[in-house]
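An overview of the molecular structure
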Amino acid sequence: MRDNKSSDQTQDVRRRRVFYIPGYDPIHPRRYRELYRKEGAAQAAINGYALALSPKSTKGGPYGWHVRGEIGAPVETDVEVLVWSDIVRDSMSNSILATYLQLIRTAWAYIGTGALWRLMRLRKGPVIAALYPVLFLIAQLLMALLVGAAVTTGTGFLGGLAERALYPARPFTPLFYPILLMSLGLGGLAAWAVLDWFKRKDGKFFAYYLMHDYAYSARSGGANPPALETRMAQFGDRIAAALTEDFDEVLVVGHSSGAHLAVSILADLIRAGRVPAPGPALAFLSLGQVVPMVSFLPHADRLRADLHDLSLSDALTWVDVTAPGDGCAFALCDPVHVSSVAPAGKKWPLVVSAAFTQTLKPETWKALRWRFFRLHFQYLCAFDAPGDYDYFQITAGPMTLATRYKGRAPSKSRIETPVNKFTSRSVS
């Protein structure tokens, strides 16, 4: 890996605009500013450079902040979070019953189409992550039914039925049916209380959250819902406007589900001729991507076309960073190849490993290795011994993404096997 000594760095960026596209996240974007502030300070202390955050210079528009980096040379960076958390919140059902209906539809979308088995040929981790909410929600339901049955039994329901079986000729007592209904009602309330308790504690279990996440793409078979398409078009307008301004680099960062949104947004801009030449260098950094979870679905024609087209483009530099230690991402899976849409002459992405076991101290890795959701955000955090992947040097340093990774060989462990059954492509 390349040594990150700021004194060795050249400067081809003085002003940069960064657009960060989060994954399926209902939380206010200020969390990303606080994460950048905290982890940027930690990385600066480790590497011996300086980062200073301040409010963004313009009012209104997307949430963002300003960064002044001193990494061998001064660089001014404006960061904007392209927010779709409101769409995420609207897609999350508040109903327990609706979530279980989502479970059935989502399981069928992946199992019925065979996508689940093909995804398992790539990486087991993200498939296990996808199965986790299904299995855990079923376990919650079974536990609720057991508790409900125990309460029903304890309040006399089975006793009443046993009496009927043993003494069928004995007349019903006046209280038989009221007791029967009461015991069934109490059992049902107890079962519902168990389900409600799990739902209220989902901040620890993430079963409902993940179920909503996978259901969002699965319900339309991989096609983007209209509200999301509208928002993506607005994001594209923001990026296109920045490409006409006085920046040396416009960097789009897509994390998790945000990576496949960025693929489509950038493909649209390039096809529409909205990337001027000359102009700022356009760069795309995809982090912890889960592209196959969508591109392997039957109606993801648009995403597959966008992957195909973007992989050929000379208008940008695309670097894809994942790590085998991230069980929620399709680590080192080239999203174009594995989606079975790689064209002849394919240029992108450059697939690079963040190599958590090498870039984190053993004690850090030991503390994080079972914190799966935290590891999924490690790309946005400080590393103990960063190689050529340093999120803060990429977003606030003096080199473009193209310069930083010029001559960099892709990871030898990358997966390029075409696995996807569905290869249809169309651009609406």
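Residues numbered from 1 in each chain as written. Predicted model: local features only at pLDDT ≥ 70, side-chain atom pairs only at ≥ 80, totals over all residues. Heavy atoms only, no water.

What to know about the environment of Pro410
Formally: Secondary structure elements are defined from DSSP: runs of H or I of at least 4 residues count as helices, runs of E of at least 2 residues count as strands, and each element is numbered from the N terminus. Note on contacts: a residue pair qualifies if any of its non-hydrogen atoms lie within 4.5 Å across the two residues.
By the secondary structure assignment, Pro410 is in the segment after α19 (401-404). For the pair Pro410 and Glu39, spaced 371 residues apart in the sequence, the C-alpha separation amounts to 26 Å. If we skip the residues at most four places from it in the chain, Pro410 touches Leu350 and Val351.

Describing the environment of Ile96
Along the chain, Ile96 falls in helix α3 (residues 96-111). For Ile96 and Thr317, which are 221 residues apart along the polypeptide, the C-alpha to C-alpha distance reads 44 Å. Ignoring sequence-local partners within four residues, the contact set of Ile96 consists of Trp192, Leu195, Asp196, Lys199 and Tyr208.

Remarks on the side chain of Arg231
Keep this limit in mind: Nitrogen and oxygen atoms within 3.5 Å of one another constitute a polar contact, given that in protein one can donate a hydrogen and the other can accept it, and given that sequence-neighbouring residues count only through two side-chain atoms.
Within the secondary structure, Arg231 sits in helix α10 (residues 226-242). Within the local environment of Arg231, its side chain forms a polar contact with the backbone oxygen of Val83, the two atoms lying 3.0 Å apart. In terms of polar contacts, Arg231 uses its side chain to reach the side chain of Asp86, at 2.9 Å. Leave out the neighbours within four places in its chain, and Arg231 touches Val83, Trp84, Asp86 and Ile87.

Some remarks on the confidence of the model for the chain
Close inspection of predicted coordinates is inappropriate for parts of the model with low pLDDT. Quick reminder of the rule: The pLDDT value tells you how sure the predictor is about a given residue, anywhere from 0 up to 100.
Mean pLDDT over the chain: 89, with 91% of residues reaching 70 or higher. Considering only residues more than four positions removed or in separate chains, one finds that residues 1-7, a stretch of pLDDT under 50, has 21 contacts.

Let's talk about the sheet that holds strand β8 (residues 350-353)
Where we set the bar: Here, a strand pair is defined by DSSP locating no fewer than two bridges between the strands. Simply put, an axis is a line fit to the C-alpha atoms, just over the touching stretch for a helix, and the angle between two N-to-C directions goes from 0 to 180 degrees.
In spatial order, the strands read β2-β3-β4-β1-β5-β6-β7-β8; together these eight strands make up an open sheet with mixed pairing. What marks the edges here is a single partner per strand, and that holds for β2 (50-55) and β8. The average undirected angle you get between the axes of adjacent strands in this sheet is 20°. Summarising the sheet, strand β1 (residues 15-21) and strand β5 (residues 249-255) pair through six bridges and their orientation is parallel. Bridge pairing in β5 places Arg16 opposite Glu249. Against the sheet, helix α11 (residues 257-271) contacts β1, β5, β6 (281-287) and β7 (317-322), and its axis sits at roughly 140° relative to β5.

Topic: the pairing of β5
How we decide: Whether a residue is buried, partly exposed or exposed follows from its accessible area with a 1.4 Å probe, protein chains only, as a fraction of its type maximum: under 20%, in between, or over 50%, in that order. Handedness of a crossover is defined as follows: with both strands directed away from the viewer, a clockwise route from the first strand across the helix to the second makes it right-handed.
Counting buried residues along β5, seven of its seven residues qualify, which places the element largely inside the surrounding structure. The alternating pattern of β5 places Glu249, Leu251, Val253 and His255 and Val250, Val252 and Gly254 on opposite faces, both of which are buried. Relative to β6, β5 runs parallel, the two being bridged by seven bridges. Looking at β6, one finds that Leu251 is bridged to Ala283. Each parallel crossover has a hand, and the one from β5 via α11 to β6 is right-handed.

Brief notes about the pattern of salt bridges
The test is simple: Think of a salt bridge as a Lys or Arg side-chain nitrogen and an Asp or Glu carboxyl oxygen that are within 4 Å of each other.
For the coordinates displayed, the defined rule picks out 23 salt bridges. With a shortest N-O distance of 2.2 Å, Glu76 and Arg68 are connected by a salt bridge. Exposure remark for Glu76: the relative accessible area of 24% places this residue in the partly exposed category. Given a relative accessible area of 35%, Arg68 falls into the partly exposed group. Arg414 is the partner of Glu416 in a salt bridge, and the nearest nitrogen-oxygen pair spans 2.8 Å. Judged by relative accessible area, Arg414 falls into the partly exposed class, the value being 30%. One connected set of salt bridges, linked through shared partners, spans Glu229, Asp268, Arg271, Arg302, Asp306 and Asp309.

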